[in-house]
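# Coordinates in review
Single-letter residue listing:
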Amino acid sequence: MADGCLFCAIVAGDVPSTMVHETARTYAFRDLQPWAPTHVLVVPKDHFTDLAALAAADPAYLGEVFAAAAEVAELESLSGGHRIIANTGPDSGQTVFHLHVHVLGGKNLGALAG
Ligand code: AMP
Ligand code: ZN
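Attention now moves to the sheet that holds strand 2 (residues 26-30). Sheets are built from strands paired through backbone hydrogen bonds, the pairs being either parallel or antiparallel. Read across the open sheet, the five strands follow the order 1-2-3-5-4; overall the sheet is antiparallel. For this open sheet the edge positions go to strand 1 (19-22) and strand 4 (82-85), each flanked by a neighbour on one side alone. Ignoring strand direction, the axes of neighbouring strands in this sheet form an average angle of 20°. Across five bridges, the pairing between strand 3 (residues 38-44) and strand 5 (residues 101-105) is antiparallel. Its bridge partner lying in strand 5, Val 42 is registered against Val 101. Docked against the sheet, helix 3 (residues 59-75) engages strand 1, strand 2, strand 3, strand 4 and strand 5, running at close to 155° with respect to strand 3.

This is the structure:
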């Protein structure tokens, strides 16, 4: 648990969230400001700053995060497809520095725009 980290506090239950899915090492909950009809965040329960940090430390654990994201898409019945985003660093607009993957779907998401 990292001091002052919002998503560590959510995993600990100190900040409320709407759970969608949970495994031994991952937690998935609804984004407070959804960009799409389904917008779920999947996080490792342990604190890693971003995807690159977890990839370097424990690639199998990163695999668990992506497997959980795929299960979320299944649970949310995103049969038309979905998009997974992991903002990493300032140029991406990352605002919470605890790795999270956004799982988006439930409508045609359009092309990625620059
Ligand atoms: P990012 O810009 O990739 O760092 O995304 C952070 C995401 O966290 C944003 O989409 C926010 O809407 C979302 N968010 C911030 N605070 C909360 C919260 N307490 N519960 C759920 N989602 C949150
Ligand atoms: Zn954290």
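Anyway, onward from the coordinates.
Turning to the pattern of salt bridges, a few remarks are in order. This model, assessed by the stated rule, comprises four salt bridges. A salt bridge links Glu 64 to Arg 25; its shortest N-O distance comes to 2.6 Å. Linking Glu 64 in helix 3 with Arg 25 in the loop between strand 1 and strand 2, this pair joins segments that are 39 residues apart in sequence. Look at Glu 64 and you get partly exposed, because its relative accessible area is 30%. Linked by salt bridges that have partners in common, Arg 25, Asp 58 and Glu 64 make up one network.

Before going further, it helps to examine the nonpolar core. By size, the foremost hydrophobic cluster in this structure holds 17 residues, and its most contacted members are Ala 28, Val 40, Val 42, Leu 54, Val 72 and Val 103. Contributing elements (two or more residues each) for this core: strand 3, helix 3 and strand 5. At seven residues, the largest contribution of residues to this core is made by helix 3. Excluding residues that lie within four positions of it along the chain, Leu 54 makes contacts with Pro 44, Phe 48, Pro 59, Tyr 61, Leu 62, Val 65 and Leu 99. If you look at the next biggest cluster of nonpolar residues, it comprises nine residues, including Cys 5, Phe 7, Cys 8 and Leu 41.

With respect to spatial proximity, 16 residues lie near ligand 1, and among them Asp 31, Asn 87, Thr 95, His 100 and His 102 are the closest. Between ligand 1 and Asp 31, the relevant distance is 2.5 Å, taken from an oxygen atom to a side-chain nitrogen or oxygen of the residue. Elements supplying a minimum of two residues to the shell around ligand 1: helix 1 (6-12) and strand 2. For the shell around ligand 1, the element with the most residues is helix 1, which contributes three residues. For the shell around ligand 1, a count of residues per class yields seven nonpolar, seven polar and two charged.

With that settled, consider the pairing of strand 1. Pairing of strand 1 with strand 2 involves three bridges; the strand directions are antiparallel. Residue pairing across strands places His 21 opposite Ala 28, the latter belonging to strand 2. From the end of strand 1 to the start of strand 2, which pair antiparallel, there are three residues.

Rules of the game
Residues numbered from 1 in each chain as written. Chains lettered and ligands numbered in written order. Predicted model: local features only at pLDDT ≥ 70, side-chain atom pairs only at ≥ 80, totals over all residues. Heavy atoms only, no water. Pairing = 2+ DSSP bridges. Helix = DSSP H or I, 4+ residues; strand = E, 2+ residues; numbered from the N terminus. Axes fitted to C-alpha atoms, helices over the stretch in contact; angles between N-to-C directions. Contact = heavy atoms within 4.5 Å. Salt bridge = Lys/Arg side-chain N within 4 Å of Asp/Glu carboxyl O. Buried < 20%, exposed > 50% of the residue type's maximum accessible area, 1.4 Å probe, protein only. Core = buried A, V, L, I, M, F, W, Y, C linked by side-chain atoms within 4.5 Å. Near = heavy atom within 4 Å. Polar contact = N/O pair within 3.5 Å; in protein donor to acceptor, adjacent residues only side chain to side chain. Nonpolar A, V, L, I, M, F, W, Y, C, P; charged D, E, K, R; others polar.

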